[in-house]
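Coordinates in review
One-letter residues, chain by chain:
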Amino acid sequence: TRAAVLRRDIEDAVGVNVEGHLDRGTGKEQTITIAGSSSLDKSDVERMVRDAEANAADDQKRKDSVEAKNNAESLVYQTEKQLSDLGDKVPADLKASIEPKLQALREKMKEPDADVELLKSISKDLQDELMKVGQAAYANTGANSGAAPPPGADAGAAPGGTKKPDDFIDVDGQ
């Protein structure tokens, strides 16, 4: 069998790609150089860089706007889903305070050039209300007799509120 060593040198800055093959048996090396051709003058490249730097602020503003709208859209979906999933477990007064905020966020999202700060503010208000929905849902489940305890509650507690000593499980093996 023939032994060979392959070599690949890539120099991206100038677009040169050198590939080589050395046959160990004969000691002969074959190389090929692939150079990228560019039809742009150095002045064109510099102009493009200046244009990119000049538009950086507008690009950042557009990025912030898109992110705010994406976050708002996700929040609208999350809110609608949670209200649907929880149904009657959401108190009527809380549902009544969420609906106008949800509608305001939907309307603001439809605007092509919506004020990003206002969009974020409405989203934050709706997020705060949505947190209250979750808290109310868990508070209602704890109030019902026979219902599962909310996350983080002591499931091993005896009905009198004290923990039974035989509920202890040593998970570290010590």
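Quick summary incoming for the structure in this document. (Residues numbered from 1 in each chain as written. Predicted model: local features only at pLDDT ≥ 70, side-chain atom pairs only at ≥ 80, totals over all residues. Heavy atoms only, no water.)

**Quick notes on the nonpolar core**
Val90, Leu94, Ile98, Leu105, Leu126 and Val133 are the most contacted members of the largest nonpolar core, which totals 19 residues. Looking at this core, the elements with two or more residues in it are α2 (56–86), α3 (92–110) and α4 (116–143). Ranked by residue count, the leading element in this core is α4, at eight residues. Apart from the residues lying within four places of it in its own chain, the contact partners of leucine 94 are Glu129, Lys132, Val133 and Ala136. (Core = buried A, V, L, I, M, F, W, Y, C linked by side-chain atoms within 4.5 Å. Buried < 20%, exposed > 50% of the residue type's maximum accessible area, 1.4 Å probe, protein only. Helix = DSSP H or I, 4+ residues; strand = E, 2+ residues; numbered from the N terminus. Contact = heavy atoms within 4.5 Å.)

**Examining the pattern of salt bridges**
Applying the stated criterion across every chain yields a total of eight salt bridges. Salt-bridge contacts for glutamate 129 lead to lysine 132; the nearest nitrogen and oxygen are separated by 3.2 Å. Of this pair, glutamate 129 and lysine 132 both sit in helix α4, separated by three residues, roughly a single helical turn. (Salt bridge = Lys/Arg side-chain N within 4 Å of Asp/Glu carboxyl O.)

**A look at the environment of glycine 134**
Relative to the helices and strands, glycine 134 is located in helix α4. Take glycine 134: its relative accessible area is 14%, and that puts it in the buried class. Considering only alpha carbons, one finds glycine 134 and leucine 83, 51 residues apart in sequence, at a separation of 9.7 Å.

Nothing here speaks to function; it is all geometry.
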